[in-house]
Amino acid sequence: MTRTVLVTGGGTGLGKAVAARFRAAGDTVIITGRRADRLARAAAEVDARPITCDATDPRAVARLADDLGPELDVVVNMAGGNTDFDEPGEGLSPLERTAAAWRANLDANLLSAVLTTTAVLDKLRPGGSIINVGSIGAEYAATSYGAAKAALAAWTAGLSSQVGPKGLTANLISPGYIAETEFFRGQLSDERRAALIDATHNGRAGQPGDIAETAYFLASAGARHITGQTLHVNGGAFTTR
Ligand SMILES: NC(=O)c1ccc[n+]([C@@H]2O[C@H](COP(=O)([O-])OP(=O)(O)OC[C@H]3O[C@@H](n4cnc5c(N)ncnc54)[C@H](OP(=O)(O)O)[C@@H]3O)[C@@H](O)[C@H]2O)c1
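Please read these numbers as outputs of a predicted model, since none were measured by experiment. Within every chain, residues take consecutive numbers counted from 1 along the sequence as written. Local features in this predicted model are restricted to residues whose pLDDT is 70 or higher, and side-chain atom pairs enter the listing and the counts only when it is 80 or higher, whereas totals over whole chains, interfaces and linings include all residues. Side-chain metrics in this entry use all non-hydrogen atoms of the structure; hydrogen atoms and water are not considered.

Peer 1: Would you take a moment to explain the environment of Ala-113 for this structure?
Peer 2: Relative to the elements of secondary structure, Ala-113 occurs in helix α4 (residues 94–120). Only protein chains enter the accessibility calculation, which uses a 1.4 Å probe. A residue is then buried if its area is under 20% of the maximum for its type, exposed if over 50%, and partly exposed in between. We classify Ala-113 as buried; its relative accessible area is 3%. Separated by 34 residues in the primary sequence, Ala-113 and Ala-79 place their C-alpha atoms 7.7 Å from one another. Should any heavy atoms of two residues lie within 4.5 Å, those residues are counted as being in contact. Excluding residues that lie within four positions of it along the chain, Ala-113 makes contacts with Asn-77, Asn-132, Leu-152 and Trp-155. The way it works is that DSSP assigns letters per residue, a run of H or I at least four long becomes a helix, a run of E at least two long becomes a strand, and they are numbered from the N terminus.

If you want it as structure tokens, here you go:
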């Protein structure tokens, strides 16, 4: 069966890899992002439909929902990233700067997924899947980014109980360090990169394909009893019991 799959943040990195994975299986794929040019290039590359949308903007997300067809099978909330890598606003007091930084990460990583999921929930057909993307940073990073991703994981678990009766699953993929994305904005030092790889059990960085295959599995028929979970994809850098 051909499914319709929405991947927010699908113009680069992990989102583009996820979009390509579903498209390669014959699914119809829609990708979103804020930069229209980046999105158009990715859409041509993976044969997806691009819709420019800022996932933190309720009006833009409502327009996205209107633009989508009536039915959806999978939503992958990939849009996000650590906004602390961006330049802080000018002329702010230290406390205003703290508030702005926390709001930015909560908006980018938590509200983005909440808004998109809420806007498309009624379109998801039984057998469908909601896949949110957290971070290993949720486990130990005492930052607004880590807290936002931890909140996203908590919300996902609750969401699972709400959507389960409709025949939907809701899970969160929590990646460790994954290379070949724009995540670090060119600010990852060689030393830090080596330390992140050293923390794994298999001695390598994650690849976008590691996340794409996990997302594809979570949306597959064989994964219908997996819901409300956080799936860690990090080469052993964080382990669970
Ligand atoms: N790479 C890693 O090591 C790693 C580790 C743990 C978790 N993650 C998570 O994985 C996800 C994907 O990141 P990535 O590594 O693939 O980095 P990336 O290449 O920077 O991808 C992030 C994508 O999200 C889009 N995006 C960001 N904010 C958005 C918004 N408000 N509305 C719509 N689109 C938005 C960006 O496009 P525009 O800028 O054009 O909007 C971009 O295409 C993020 O949620 C990130 O936190 C990554």
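Peer 1: What am I meant to see in the packing of aromatic side chains here?
Peer 2: The geometry of two aromatic rings is summed up by the distance between their centres and the angle between their planes. For Phe, Tyr and Trp, where Trp contributes only its six-membered ring, two rings pair if their centres lie within 6.5 Å, and the inter-plane angle classes them as stacked under 30 degrees, edge-to-face over 60, or tilted in between. The tally for this structure, following the rule as stated, stands at six aromatic pairs. Taking the centre distance of 5.6 Å and the plane angle of 55° together, the rings of Tyr-145 and Phe-183 count as tilted. Pair noted here: Tyr-145 is in helix α6 (residues 144–163) and Phe-183 is in the loop between β6 (169–175) and α7 (190–198), with a separation of 38 residues, a long-range link. Exposure remark for Tyr-145: the relative accessible area of 8% places this residue in the buried category. The structure contains a cluster of three or more aromatic residues connected by ring pairs, namely Phe-85, Tyr-145, Tyr-177, Phe-183 and Phe-184. Arg-21 extends its terminal NZ or CZ atom over the ring of Tyr-216, reaching a point 3.9 Å from the ring centre. Consider the ring centre and the ring normal. A charge sits over the ring if Lys NZ or Arg CZ is within 6 Å of that centre and within 35 degrees of that normal.

Peer 1: Would you take a moment to explain the site of the ligand for this structure?
Peer 2: Any residue with a heavy atom lying within 4 Å of a molecule or strand is counted as near it. Lining the immediate environment of the ligand, one finds 30 residues, of which Thr-12, Leu-14, Arg-34, Arg-35 and Tyr-145 sit closest. Contact between the ligand and Met-78: an oxygen atom at 3.0 Å from a main-chain N or O atom of the residue. Among the secondary structure elements, those contributing two or more residues to the shell around the ligand are α1 (13–24) and α6. When the residues that make up the shell around the ligand are grouped by side-chain class, the tally is twelve nonpolar, twelve polar and six charged. As used in this structure description, the phrase polar contact means that two N or O atoms lie within 3.5 Å; if the pair is within protein, one of them must be able to donate a hydrogen and the other to accept it, and residues adjacent in sequence are counted only when both atoms belong to side chains. Any residue outside Ala, Val, Leu, Ile, Met, Phe, Trp, Tyr, Cys, Pro, Asp, Glu, Lys and Arg is labelled polar, Gly included; the first ten of those are nonpolar and the last four are charged.

Peer 1: Looking at this model, I keep getting lost on the pairing of strand β3 (residues 49–52). Mind explaining?
Peer 2: Successive side chains on a regular strand alternate, one facing one side of the sheet and the next facing the other. Strands were regarded as paired on the criterion that DSSP finds at least two bridges between them. In terms of strand pairing, strand β2 (residues 28–33) meets β3 through four bridges, oriented parallel. Looking across to β3, one finds that Gly-33 is bridged to Thr-52. The crossover handedness rule: strands pointing away from the viewer, path from first strand over the helix to second strand clockwise, crossover right-handed. The β-α-β motif built from β2, the intervening helix α2 (residues 36–46) and the parallel element β3 has right-handed crossover chirality.

Peer 1: What exactly am I supposed to notice about the side chain of Thr-156 here?
Peer 2: Tracing the chain through its elements places Thr-156 in helix α6. Relative accessible area serves as the criterion here: at 1%, Thr-156 is assigned to the buried category. With sequence-adjacent residues up to four places away left out, Thr-156 is seen in contact with Asn-132, Ala-170, Asn-171 and Leu-172.

Peer 1: Got a minute to help me understand the packing of α1 against helix α8 (residues 208–218) in this structure?
Peer 2: Think of two packed helices as two axes; the pair is described by the angle between the axes and how far apart they sit. Orientation is described by axes fitted as lines to C-alpha atoms, over the contacting stretch for helices, and by angles from 0 to 180 degrees between their N-to-C directions. At their nearest, the axes of α1 and α8 sit 8 Å apart, and the two run at 50° to each other. With respect to each other, α1 and α8 are oriented oblique. Judged by the sense of rotation from one axis to the other, the crossing of α1 with α8 is right-handed. Where α1 approaches α8, its residues Gly-13, Leu-14, Ala-17, Val-18, Arg-21 and Phe-22 are matched on the opposing element by Pro-208, Ile-211, Ala-212, Glu-213, Ala-215 and Tyr-216. Roughly parallel refers to an angle under 35 degrees, roughly antiparallel to one over 145, roughly perpendicular to one between 65 and 115, and oblique to any angle outside these ranges. Handedness of a helix crossing follows the sense of rotation of the near helix relative to the far helix, less than a right angle counterclockwise being left-handed and clockwise being right-handed.

Peer 1: Sorry, what's going on with the side chain of Thr-169 here?
Peer 2: Looking at the element boundaries, Thr-169 is found in strand β6. Residue Thr-169 is classed as buried on the basis of its relative accessible area of 3%. Once residues within four sequence positions are removed from consideration, Thr-169 is found in contact with Gly-128, Ser-129, Ile-130, Val-163, Leu-218, Ala-223, Arg-224, Ile-226 and Thr-227.

Peer 1: Just checking my understanding: could you explain the pattern of salt bridges for this structure?
Peer 2: Where charged atoms from two side chains of opposite charge come close, those side chains can pair. Should a side-chain nitrogen of Lys or Arg be within 4 Å of a carboxyl oxygen of Asp or Glu, the pair is scored as a salt bridge. In the structure shown here, the tally under the stated rule is ten salt bridges. Close ionic contact of Arg-21 with Glu-213 constitutes a salt bridge, the shortest N to O distance being 3.0 Å. With Arg-21 in helix α1 and Glu-213 in helix α8, the pair connects residues that are 192 residues apart, well separated along the chain. Given a relative accessible area of 23%, Arg-21 falls into the partly exposed group. Among the salt bridges present, the one from Glu-182 reaches Arg-38, with a minimum N-O distance of 2.2 Å. In this pair, Glu-182 sits in the loop between β6 and α7 while Arg-38 sits in helix α2, placing the two residues 144 residues apart along the sequence.

Peer 1: Explanation requested: the UniProt feature "domain: Ketoreductase" (unreviewed entry) in the chain in the structure shown.
Peer 2: Under the feature "domain: Ketoreductase" (unreviewed entry), the UniProt entry names residues 3–181. Helix makes up 47% of residues 3–181 and strand makes up 21%, while its end C-alpha atoms are separated by 26 Å. UniProt positions are given in the numbering used here, feature names are shortened, and annotations may be inferred rather than shown by experiment.

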